[in-house]
Amino acid sequence: MTDIIKEPIFGLMATLILYLFAKRLQQATKKRWLQPMLVSALLLIVLLNFAHIDYSDYNQGGQFITFLLGPATIALAIPLVRQLPVLQKNWRAIMTGVVVGALVGVVSVLIVASFFDAAREITLSLTPKSVTTPIAMEIARSLGGIPSLTAAAVILTGVLGAMAGPEILTFVGVKNQIARGLAIGAAAHALGTNRCLEENELAGAVSGVAIVLVGIATSLLASPLSRLLLN
Amino acid sequence: MNFVLGFTILLAFQFIGTMLSQWLHLPLPGVLTGLILLATALATGLIPLRAVEQAADALLGEMGLFFVPIGVGLVLYADLLFKNSVAIVLTILVSTLVVLCLTGKLVDQVLPNEDKKVTSHD
């Protein structure tokens, strides 16, 4: 019994079963905040705690799933290329949104987290939190942050942006759909983009283009800015 | 076109991107270098979109699954997280709000006027 727990089959199977369950749960309840990734990770944490299973034993199987993150990140090139006409047509607005979004994203975290006295590795983990998860984790890793925390922070940011983003933009008087799409894509990556797509096709398309570009801009800006602002 | 071909292309670009980032000391993580190279190859027609589409869409469709084991890794940092929980939540809230409003407002400023008229309906 205890030996099979240390085999890859356990971590793989447990992850897949709980992820499928969490996905069903979200489909059934239609609650945006019940993100399958967060729900299944929490359920697995509870399971490991109850059954006294070490993370390293679980990760014998888990690592096979994590491996797929690499090719999945490369695959982000495909939606970007599909949206090339949108990028060409709105390049000035998109470039402005991408540069401003990435810059403000990094600087605001560095300032706010220092203000609240966050530990250094916490701050570095939160720095790429507006970027799509796989890119954000790579950035966190290269900065010396904790990729696990980054993944959770990115999902929470996405839920927040998707649930309240459009309302906040309306409240501050941003009506133009291109500006709304870019703001939500830059702040809340794919989860925000999905909400945009529900409301307006142009906003959704622009938001989708912003995701990968903000990721690239953030990875270029994060390291020099964190060295500058974090003593 | 089949899944294995697309998956192989994706892995090849991850490999090339990682090698280039290391050799040339690029300020980009290897996967991002690979992503940019693949986007260039697709945009220029060097690699047809249909060769990678099936594998890419399959992977992107279940992206959430691939971070689950890393998310479970949070258990290793429980103490650090509890100590910083207030800072974490407030940083996420404030920063998201600032990014949203500043990006929205600034992009609104640079858009040409004719774009503003045609697209402002809710």
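What counts and how
Residues numbered from 1 in each chain as written. Chains lettered and ligands numbered in written order. Predicted model: local features only at pLDDT ≥ 70, side-chain atom pairs only at ≥ 80, totals over all residues. Heavy atoms only, no water. Core = buried A, V, L, I, M, F, W, Y, C linked by side-chain atoms within 4.5 Å. Buried < 20%, exposed > 50% of the residue type's maximum accessible area, 1.4 Å probe, protein only. Helix = DSSP H or I, 4+ residues; strand = E, 2+ residues; numbered from the N terminus. Contact = heavy atoms within 4.5 Å. Buried area = accessible area lost by both parts, 1.4 Å probe. Salt bridge = Lys/Arg side-chain N within 4 Å of Asp/Glu carboxyl O. Polar contact = N/O pair within 3.5 Å; in protein donor to acceptor, adjacent residues only side chain to side chain. 1 Å grid on protein atoms, 1.4 Å probe; cavity = no way out; pocket = protein on both sides within 12 Å on 5 of 7 lines; lining within 4 Å. Points joined across faces, edges and corners; volume = space filled by probe spheres on them. Nonpolar A, V, L, I, M, F, W, Y, C, P; charged D, E, K, R; others polar. Domains from an automatic or database assignment.

A.B. asks: Report on the nonpolar core, specifying residues and quantitative values.
C.D. replies: It is characteristic of soluble globular proteins that their nonpolar side chains tend to be buried jointly. Within the largest apolar cluster, 113 residues are counted, with the highest numbers of intra-cluster contacts made by Leu38 and Val72 of chain B. Ranked by the residues each element gives to this core, the list is headed by helix α13 (residues 201-229) of chain A, at 12 residues. Apart from residues no more than four positions distant in its own chain, Leu38 of chain B is found in contact with Ile74, Ala77 and Ile78 of chain A together with Ile9, Leu10, Phe13 and Ile47 of chain B.

A.B. asks: Requested: an account of the interface of chain A and chain B, with residues and values cited.
C.D. replies: Counting residues at the interface gives 94 residues for chain A, matched by 73 residues for chain B. Between chain A and chain B lies a buried interface of about 7100 Å² when both sides are counted; carbon and sulfur atoms form 81% of it. Summed over the shared surface of chain A and chain B, the result is three salt bridges. One can count 11 residue pairs in polar contact (both at pLDDT 80 or more) joining chain A with chain B.

A.B. asks: Outline the layout of surface pockets, supporting the account with residue identities and numerical values.
C.D. replies: Left-over empty space is what a probe sized like a water molecule reveals as it rolls over the atoms. Its volume calculated, the largest pocket comes out at about 950 Å³. Ala190, Leu191 and Asn194 of chain A together with Leu60 and Met63 of chain B are the residues nearest the centre of the largest pocket, which is lined by 34 residues in total. Sorting elements by how many residues they give to the lining of the largest pocket places helix α12 (residues 177-199) of chain A first, with seven residues. Per-class residue counts for the lining of the largest pocket are 18 nonpolar, 12 polar and four charged. A volume near 620 Å³ is recorded for the second largest pocket. If you trace the second largest pocket, you find 25 residues lining it, with Leu42, Ala152 and Leu156 of chain A together with Leu74 and Leu81 of chain B closest to the centre. When contributions to the lining of the second largest pocket are tallied by element, the ones reaching two or more residues are α3 (36-50) and α11 (147-171) of chain A together with α6 (78-83) and α7 (85-110) of chain B.

A.B. asks: A description of the domain arrangement of chain B should follow, citing residues and the corresponding values.
C.D. replies: Each domain of chain B was delimited in the assignment, giving domain 1 (3-66) and domain 2 (74-112). Taking only C-alpha atoms, the centre of domain 1 of chain B and the centre of domain 2 of chain B are 29 Å apart.

A.B. asks: Before we move on, could you go through the domain arrangement of chain A and cite the residues and values that matter?
C.D. replies: Bring the parts together and some accessible area is lost; that lost area is often taken as the interface size. Residues and elements named next belong to chain A. Domains assigned within chain A are domain 1 (2-67) and domain 2 (77-229). Of note, the centres of domain 1 and domain 2, computed from C-alpha atoms alone, are 27 Å apart. Taken together, the contact pairs five residues of domain 1 with 10 residues of domain 2. When the two sides are added together, the surface that domain 1 and domain 2 hide from each other amounts to roughly 650 Å², 77% of it contributed by carbon and sulfur. If you sort the residues of domain 1 by the area they bury against domain 2, Arg32, Gln35 and Leu38 come out on top, with a joint share of 72%. Viewed at the interface, domain 2 and domain 1 are joined by zero salt bridges. In terms of residue class, the side of domain 1 that touches domain 2 is made up of three nonpolar, one polar and one charged.

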